[in-house]
Amino acid sequence: LENKQKEVIYVGRLDYMQKRVYRIIDTWKLLQEKYPDWKLSIIGVGEEEESLKKQVSSLNLKNISFEGYQKPNEYYKRASLLVLASEFEGFPLVLAECMSFGVVPVVYASYPAVYDIIRDDENGKIVNPENGLFVTELMAKALDNLMNDEKKRNNMAKSAIETAIKDFSIDAIYRQWIDLFNNLNI
């Protein structure tokens, strides 16, 4: 954790239908003044890239970089937080990946699998919909609480690593498959 920087990352496709990256940019607008020493790195490509860059420009936002398509490991090593504001997901692998590096995920709860991956306020933060809708202010508040509290962030990062090892490592998945095969009544 000593290599962690004041960096929030998004890793994924830049599309409107599913990923809704514009929500992350709207959220950053609410945080940038309070946290001028933090940055947001957007890692990925997609059809919404140009419109997202225009959004950043029109809102006059600072400390946001579009990194394009990259292998995310170097970002995972240094980032403190990952934000995901998708409208829907299956099992987003990016969560297990980032947690294994001690990156604390802050995730919009628009899909059931989030509760299988994250234990709210323990190894990540789950932002629930309000009246079925994404609320920018709630996402900003969740990020603010972690950006403002290094001790809490580090404790959650340690818990995220433990969860990744216990639940998502190759050995853990192997054991689950073996248990499944052993319990088949064939």
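Everything that follows concerns the structure shown earlier in this document.
Keep in mind that what you see is a predicted model, and the values were worked out from it rather than measured.

### Some points on the overall build of the chain
And step 1. Along the chain, the regular secondary structure elements total eight helices and six strands.
And step 2. Along its sequence from the N terminus, the chain presents helices and strands in the succession β-α-β-α-β-α-β-α-β-α-β-α-α-α.
And step 3. The principal-axis extent of the C-alpha atoms belonging to the chain is close to 60 × 35 × 35 Å.
And step 4. A total of 186 residues make up the chain; the buried ones form 47% of that total.
And step 5. Taking all contacts inside the chain whose residues are at least 6 apart in sequence as the whole, residues at least 24 apart take part in 67%.
And step 6. Per element, the accessible surface of the chain, about 10100 Å² overall, is 51% carbon and sulfur.
And step 7. Taken as two groups, the 24 positive and 28 negative side-chain charges of the chain have centres that lie 3 Å from each other.

### Notes on the pairing of strand β5 (residues 104–108)
And step 1. The element β5 is largely enclosed, with a buried count of five among its five residues.
And step 2. On β5, burial covers both faces: V104, V106 and Y108 on one face and P105 and V107 on the other are all buried.
And step 3. One ladder, built from four bridges, connects strand β4 (residues 81–84) with β5; its direction is parallel. Following the sheet pairing, L82 is matched in β5 by P105.
And step 4. Since β4 and β5 lie parallel, the crossover through helix α4 (residues 93–100) that links them has a hand, and here it is right-handed.
And step 5. When β5 meets strand β6 (residues 125–127), the two strands line up parallel, connected through three bridges. Bridge assignment links Y108 to a residue of β6, and that residue is V127.

### Focus on the packing of helix α1 (residues 21–31) against helix α6 (residues 136–147)
And step 1. Orientation of α1 relative to α6, taken along the N-to-C sense of each, is 55°, at an axis distance of 9 Å. In terms of axis orientation, α1 runs oblique to α6. The interaxial crossing formed by α1 with α6 has right-handed handedness. On the side of α1, the interface is formed by D26, T27, W28, L30 and L31, while α6 contributes T136, E137, M139, A140, L143, D144 and M147.
And step 2. Split into classes, the residues belonging to the contact of α1 with α6 amount to seven nonpolar, two polar and three charged.

### Here we look at the nonpolar core
And step 1. Residues L82, L95, M139 and L143 are the most contacted members of the largest nonpolar core, which totals 55 residues.
And step 2. When residues of this core are assigned to their parent elements, the largest contribution, six residues, is made by α6.
And step 3. Discounting residues that sit within four places of it in the chain, M139 has contacts with T27, V83, L84, A85, V106, V107, Y108, V127 and F134.

### Side note on the side chain of S41
And step 1. Within the secondary structure layout, S41 lies in strand β2 (residues 39–43).
And step 2. Residue classification places S41 among the buried residues on the basis of a relative accessible area of 0%.
And step 3. The residues touching S41, leaving out its near neighbours within four places in the chain, are E7, V8, I9, Y10, S65, E67 and R78.

### Let's talk about the packing of aromatic side chains
And step 1. Following the criterion strictly, the structure yields four aromatic pairs and no others.
And step 2. Look at Y108 and F134: their rings are 5.0 Å apart centre to centre, the planes differ by 85°, and that puts the pair in the edge-to-face class. Taken as a pair, Y108 in strand β5 and F134 in the loop between β6 and α6 lie far apart in primary sequence, 26 residues in all. Note on accessibility: Y108 and F134 belong to one class, buried.
And step 3. With 5.7 Å between their ring centres and 35° between their planes, W177 and F181 make a pair best called tilted. A residue pair is termed a helical-turn pair when its members lie 3 or 4 positions apart in one helix, as W177 and F181 do in helix α8 (residues 170–182) at four residues.
And step 4. Assessed through its relative accessible area of 48%, W177 is described here as partly exposed.
And step 5. Lying across the ring of Y16, R20 places its NZ or CZ 4.4 Å from the centre.

Rules of the game
Residues numbered from 1 in each chain as written. Predicted model: local features only at pLDDT ≥ 70, side-chain atom pairs only at ≥ 80, totals over all residues. Heavy atoms only, no water. Helix = DSSP H or I, 4+ residues; strand = E, 2+ residues; numbered from the N terminus. Buried < 20%, exposed > 50% of the residue type's maximum accessible area, 1.4 Å probe, protein only. Contact = heavy atoms within 4.5 Å. Areas by Shrake-Rupley, 256 points an atom, 1.4 Å probe, with all protein chains shown as cover. Lys, Arg positive; Asp, Glu negative; His and termini not counted. Charge placed at Lys NZ, Arg CZ, Asp CG, Glu CD. Pairing = 2+ DSSP bridges. Right-handed = clockwise from strand over helix to strand, strands pointing away. Axes fitted to C-alpha atoms, helices over the stretch in contact; angles between N-to-C directions. Parallel < 35°, antiparallel > 145°, perpendicular 65-115°, else oblique. Left-handed = near helix turned anticlockwise from the far one by under 90°. Nonpolar A, V, L, I, M, F, W, Y, C, P; charged D, E, K, R; others polar. Core = buried A, V, L, I, M, F, W, Y, C linked by side-chain atoms within 4.5 Å. Phe/Tyr/Trp six-rings, centres within 6.5 Å; stacked < 30°, edge-to-face > 60°. Lys NZ or Arg CZ within 6 Å of the ring centre and 35° of its normal.

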